[in-house]
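Here are the chains, one letter per residue:
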Amino acid sequence: MELRTRLHKAGTGAALAGCLLVAQAGAAAALSCLPWGPADAYLHAAGSERVYNVIAGELSFDESLLPQSHSESPGDTPPLTRIQAQLSGKMLEDRYFSGRVAVPAVLEVECLGPWCGGMKSGADYVFFAEQRGQELVVRANACGGFAFDDTSEVRRQVLECHRGKACVPAVPR
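Residues numbered from 1 in each chain as written. Predicted model: local features only at pLDDT ≥ 70, side-chain atom pairs only at ≥ 80, totals over all residues. Heavy atoms only, no water.

S.K.: What's the story with the side chain of Asn 141 in this structure? I'm lost.
M.R.: Within the secondary structure layout, Asn 141 lies in strand β8 (residues 135–141). In this structure the side chain of Asn 141 is engaged in a polar contact, spanning 2.8 Å, whose partner is the backbone nitrogen of Cys 143. Those residues within four positions of Asn 141 in sequence are excluded, and the remaining contacts are Glu 110 and Gly 117. (Helix = DSSP H or I, 4+ residues; strand = E, 2+ residues; numbered from the N terminus. Polar contact = N/O pair within 3.5 Å; in protein donor to acceptor, adjacent residues only side chain to side chain. Contact = heavy atoms within 4.5 Å.)

S.K.: What is the right way to look at the state of the cysteines in this model?
M.R.: Two cysteines joined by a covalent bond between their sulfur atoms form a disulfide. Considering all chains together, one arrives at three disulfides under this definition. Each disulfide pairs two cysteine sulfurs, and for Cys 33 the partner residue is Cys 143, the sulfurs being separated by 1.9 Å. The sign of the S-S torsion, about -75°, decides the handedness of the disulfide formed by Cys 33 and Cys 143: left-handed. Of this pair, Cys 33 sits in strand β2 (residues 29–33) while Cys 143 sits in the loop between β8 and β9 (144–145), placing them 110 residues apart in sequence. (Disulfide = S-S within 2.5 Å.)

S.K.: Teacher, can you tell me more about the packing of aromatic side chains here?
M.R.: The description of an aromatic ring pair rests on the distance of the ring centres and on the angle between the ring planes. Overall, the coordinates contain four aromatic pairs when judged by the stated rule. Here the aromatic rings of Trp 36 and Phe 146 are separated by 5.6 Å at their centres, their planes lie at 80°, and the arrangement is edge-to-face. With Trp 36 in the loop between β2 and α1 (38–47) and Phe 146 in the loop between β9 and β10 (147–149), the pair connects residues that are 110 residues apart, well separated along the chain. Judged on exposure class, the residue Trp 36 and its partner Phe 146 are both buried. Seen in terms of ring centroids, Phe 128 and Phe 148 are 6.2 Å apart; in terms of plane orientation they differ by 90°. Their pairing is edge-to-face. Here the residue Phe 128 occupies a position in strand β7 (residues 124–132), and Phe 148 occupies one in strand β10, the gap between them amounting to 20 residues. In terms of burial, Phe 128 and Phe 148 fall into one category: buried. Joined through ring pairs, the aromatic side chains of Trp 36, Tyr 52 and Phe 146 make up one cluster. Directly above the aromatic system of Phe 97 lies the positively charged group of Arg 155, at a separation of 5.1 Å from the ring centroid. (Phe/Tyr/Trp six-rings, centres within 6.5 Å; stacked < 30°, edge-to-face > 60°. Buried < 20%, exposed > 50% of the residue type's maximum accessible area, 1.4 Å probe, protein only. Lys NZ or Arg CZ within 6 Å of the ring centre and 35° of its normal.)

Structure, rendered in structure tokens:
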């Protein structure tokens, strides 16, 4: 399986969505995430040395394998869970989402204490899937990740970035 799509540089790279654990009085803690959207993911991918494939489609996987939050005992939540999946849809090529794909993938779900990323199996998303050798990886973290609901607004933002038009991150970095 070789999907290698390199994104062109569309301005400066954006920092990955930051997550901050803010300790409060006692054992309570809160998660605070920086705003992160499709343009941020695009800029991150375009500025990365890694190869990303942008695919509009669905990821099918066994939802029962998603990590469960243990708010009473956050140390029991695994920091990373890898789930085998099937990714199908249309890959972003020269100017449009047009190249049909149906490939195995891995969903990496990251947890920070009791907060975990996640997604719905079979739902429509726009994915920024990282190519790691022969493996295609979709990451989901507690602050979002690299998958966005497949809406006309999300597609518009991604296509504008890809075509070298306005590519405005959620918060200037």
